Amino acid sequence: MIRCTCGGERIALRELPPEGVVESYTIPRVSAAEWIRHVPYAWAVVKLADGTRVSGWIGGIAAPGDLRLGERVRFDPGSELGLKFARVAAL
Amino acid sequence: MRKVFVVGVGNTTYGKLPFAGRELAAEASREAIHDAGLDAARIEGAFVANAFGLAERQGLAGPLLMSALGIPDRPATTVEAACASGGAAFREAWLNVASGAADVFLAAGFEKVSHLDTTTATGYFSYGSDGWAESGNGATFPGLYATMARAHMQRYGTTEEQLARIAVKNHANAARNPKAHLPKTITVEDVMRSPYVAHPLKLYDACPFSDGGAAAVLASEEVARSLGKADVEVLGVGRAGSIASLADRGELTSIPASKLAAKQAFAQARLTREDIDLAEVHDCFTIAEVLATEDLGFFAPGEGAKAAEQGRTMRDGELPINVSGGLKAKGHPVGATGLGQIAELVLQLRGQAGARQVRDADVGLAHNVGATGGSCAVHILGRAR
């Protein structure tokens, strides 16, 4: 997946740091069909350690008390679906 | 650019309707043509707004509408800019007349989604986001605005109760609108007790899935005067975009496209915020009305929810916002929404808005957002003197 939003034409692959902090998130309760089996989860905007922002999801988040703004999360390479993160505190 | 007038508007009732989308587009268009006092043969072409036509297994919206109106030889193009499709169609029709390429153009919009179950409709609406980043990671449409709401709460202290007051206001307005999808009054307690659809947004923070159609006929000054319909002029037009993905955009507490489109429209109209007597803004969720009133410059960043709580945006307040009931309670038939806003402004400026008429309405603003701000249209209409 190559993403570019600046119009630049010199694009290179770069490894991103696996950890970041949650800038904001939601806990979708009414989901599209392919996501119903993953409820409860959070969809989040994550700011990685190098400042890059990505969006991803975090399983097992049922209520706002389960995830803090600013909380550290780490890329979870085990998921086949989207960009999954896990709470560092839970690892 | 030439002066352009809105000579006719049409708006179906919004709600769960037993009609196909093509019928809703045709009904609204016929109403707009009759309102203009025009022979349909005078229409030189159309832009037709629709977002989820394939949910009806039906494309070709433009040509189907031209056939239904008895003018199958006129060119019609379907316009899609997610929830800003209606505003986008209006802008393209305006450009045809303003440039002198045509004298009479139609902008129509429709949506038909009530035949879908909630899960399927939720899926379709989520496709109006950046699929790689958002729906592909489980984001729903309410979820994206909920993420902006949480950031707004964190940054400015906006509360769920303040958002609830916007829902209460817009339902109260819709109760005066015979075409509204949800014309019932509700209380703050009703909102606060409703279940979360995407925390921190609840069911009553969200607009419904509506069916509906809306249309506007735009004409040159010469044609408008010949029809005796030179009473509402398009004073300012703004069209802009922002990075589609919220994470790539990095900005969660305002929508850049709204600010830019507003700047363009105000500059063209040579007007300021103080000149606006009423505004129809894109309140797909209560937080979206907060973002809109701040981004349009009506209130300072972080002050939008407080202004609503203080009643400043009520029908009898200093700046009535969404007197139609807004997307929240008039309803949100996606492709029709932006044109429904135009129809409301035209009725208000003519003094034909009945029980929800705003007094001394001379200048109105319509603000229509696609997705979370990937696209935006702002139009300023004025009562010709």
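Residues numbered from 1 in each chain as written. Chains lettered and ligands numbered in written order. Predicted model: local features only at pLDDT ≥ 70, side-chain atom pairs only at ≥ 80, totals over all residues. Heavy atoms only, no water.

Draft legend 1. Layout of the overall build of chain A. Of regular secondary structure, chain A possesses 0 helices and 5 strands. Along the first, second and third principal axes, the C-alpha atoms of chain A reach 40 × 30 × 25 Å. Going through the 91 residues of chain A one by one, you find that 33% of them count as buried. Here the analysis covers contacts within chain A between residues at least 6 apart in sequence; of these, 47% occur between residues at least 24 apart. Entry remark: accessible area of chain A is about 5,200 Å², with carbon and sulfur atoms responsible for 53%. (Helix = DSSP H or I, 4+ residues; strand = E, 2+ residues; numbered from the N terminus. Buried < 20%, exposed > 50% of the residue type's maximum accessible area, 1.4 Å probe, protein only. Contact = heavy atoms within 4.5 Å. Areas by Shrake-Rupley, 256 points an atom, 1.4 Å probe, with all protein chains shown as cover.)

Draft legend 2. Just helix 5 (residues 141-156) of chain B, in detail. Residues and elements named next belong to chain B. Between its first and last C-alpha atoms helix 5 spans 23 Å; for 16 residues at 1.5 Å apiece the expected length is 22 Å, and the two agree. For helix 5, the tally of buried residues reaches 13 of 16 residues, placing the bulk of the element in the interior. Once helix 5 finishes, Gly-157 follows within two positions and takes phi at roughly 80°, a positive value. (Expected span 1.5 Å × (residues − 1).)

Draft legend 3. Here's a closer look at the interface of chain B and chain A. Every contact between the two is made by 33 residues of chain B and, on the other side, 29 residues of chain A. Summed over both partners, the interface of chain B with chain A buries about 2,500 Å², with 59% contributed by carbon and sulfur atoms. Contact with chain A buries surface across chain B, with Trp-132, Asn-137 and Arg-150 of chain B losing the most and accounting together for 24% of the total. Counting across the interface, chain B meets chain A through 0 salt bridges. The set of elements that each furnish at least two residues to the side of chain B that touches chain A consists of helix 4 (118-126), helix 5, strand 5 (196-199) and helix 9 (246-249) of chain B. Here the element with the most residues in the side of chain B that touches chain A is helix 5 of chain B; it accounts for 7 residues. In the side of chain B that touches chain A, the residues fall into 14 nonpolar, 15 polar and 4 charged. Across 2 bridges, the pairing between strand 1 (residues 19-28) of chain A and strand 5 of chain B is antiparallel. (Buried area = accessible area lost by both parts, 1.4 Å probe. Salt bridge = Lys/Arg side-chain N within 4 Å of Asp/Glu carboxyl O. Nonpolar A, V, L, I, M, F, W, Y, C, P; charged D, E, K, R; others polar. Pairing = 2+ DSSP bridges.)

Draft legend 4. Spatial organisation of the pattern of salt bridges. Enumeration over the complete set of coordinates arrives at 23 salt bridges over all chains. Across the pair Glu-19 of chain A and Arg-72 of chain A runs a salt bridge, and its minimum N-O distance is 2.8 Å. Of this pair, Glu-19 of chain A sits in strand 1 while Arg-72 of chain A sits in strand 4 (residues 72-75), and the two are 53 residues apart along the sequence. The shortest N-O distance in the salt bridge between Asp-231 of chain B and Arg-350 of chain B comes to 3.8 Å. With a gap of 119 residues between them, Asp-231 of chain B in the loop between helix 8 (221-227) and strand 8 (232-241) and Arg-350 of chain B in helix 14 (residues 334-350) connect regions that are remote in the sequence. Relative accessible area serves as the criterion here: at 16%, Arg-350 of chain B is assigned to the buried category. Because the salt bridges share partners, they merge into one network encompassing Glu-19, Arg-72 and Arg-74 of chain A.

Draft legend 5. Structural view of unusual backbone geometry. At the junction of Val-39 of chain A and Pro-40 of chain A, the peptide bond is cis and its omega measures out at 5° in the coordinates. With respect to the element layout, Pro-40 of chain A can be found in the loop between strand 1 and strand 2 (41-48). That bond from His-199 of chain B to Pro-200 of chain B is cis: its omega, 10°, falls within 30 degrees of zero. A positive phi is found at Arg-57 of chain B, a non-glycine position, where the angle reads about 55°. When you line up the elements, Arg-57 of chain B lands in the loop between strand 2 (46-49) and helix 2 (61-68).

Draft legend 6. Up close: helix 2 of chain B. Residue and element names in this part refer to chain B. Within helix 2, burial applies to Ala-61, Gly-62, Leu-64, Leu-65 and Met-66. Those residues of helix 2 that are buried lie in contact with helix 1 (21-36), strand 2, strand 3 (76-79) and strand 4 (104-111). In the segment just after helix 2, Gly-70 is the residue with positive phi, at about 80°.

Draft legend 7. Looking closely at the side chain of Ser-375 of chain B. All names here are of chain B. With respect to the helices and strands, Ser-375 occurs in strand 11 (residues 375-383). On the basis of relative accessibility, which here comes to 13%, the residue Ser-375 falls in the buried class. Within the structure, Ser-375 has its side chain in polar contact with the side chain of Arg-239 (distance 2.8 Å). If near-sequence neighbours (up to four positions away) are discounted, Ser-375 is found in contact with Ala-81, Ala-84, Arg-239, Ala-240, Gly-241, Asn-368, Val-369 and Gly-370. (Polar contact = N/O pair within 3.5 Å; in protein donor to acceptor, adjacent residues only side chain to side chain.)

Draft legend 8. Quick look at the packing of aromatic side chains. Residues and elements named next belong to chain B. Per the stated rule, a full pass over the model turns up 11 aromatic pairs over all chains. Ring plane angle 65° and centroid distance 6.1 Å describe the contact between Phe-52 and Tyr-124, whose orientation is recorded as edge-to-face. Of this pair, Phe-52 sits in the loop between strand 2 and helix 2 while Tyr-124 sits in helix 4, placing them 72 residues apart in sequence. You can call Phe-52 buried: its relative accessible area is 11%. One aromatic cluster is present, built from ring pairs that chain together Phe-52, Tyr-124, Phe-125, Tyr-127 and Phe-209. (Phe/Tyr/Trp six-rings, centres within 6.5 Å; stacked < 30°, edge-to-face > 60°.)

Draft legend 9. How the structure looks around the side chain of Lys-328 of chain B. Residues and elements named next belong to chain B. Looking at the secondary structure, you find Lys-328 in helix 13 (residues 326-329). The buried charged residue Lys-328 lacks any salt bridge, with Asp-283 as its nearest oppositely charged partner at 7.5 Å. Once residues lying within four places of it in the same chain are set aside, the contact partners of Lys-328 are Ala-167, Asn-170, His-171, Leu-182, Tyr-204, Asp-205, Ala-206, Cys-207, Pro-208 and Asp-283. (Lys, Arg positive; Asp, Glu negative; His and termini not counted.)

Draft legend 10. Summary view of empty space enclosed by the protein. Residue and element names in this part refer to chain B. Under the criterion given, the structure shown has 3 cavities of 30 Å³ or more. What lines the largest cavity is simply Tyr-14, Glu-280, Ser-324, Gly-326, Leu-327, Lys-330, Gly-331, Thr-337, Gly-340 and Gln-341. Put simply, the parts of the chain that give the lining of the largest cavity at least two residues each are helix 13 and helix 14. Ranked by residue count, the leading element in the lining of the largest cavity is helix 14, at 3 residues. Grouping the amino acids of the lining of the largest cavity by side-chain chemistry returns 2 nonpolar, 6 polar and 2 charged. (1 Å grid on protein atoms, 1.4 Å probe; cavity = no way out; pocket = protein on both sides within 12 Å on 5 of 7 lines; lining within 4 Å. Points joined across faces, edges and corners; volume = space filled by probe spheres on them.)

Draft legend 11. Looking closely at the state of the cysteines. Enumeration over the complete set of coordinates arrives at 0 disulfides over all chains. In this model Cys-284 of chain B remains outside any disulfide bridge; the closest cysteine sulfur is found in Cys-207 of chain B, 5.9 Å from its own. (Disulfide = S-S within 2.5 Å.)

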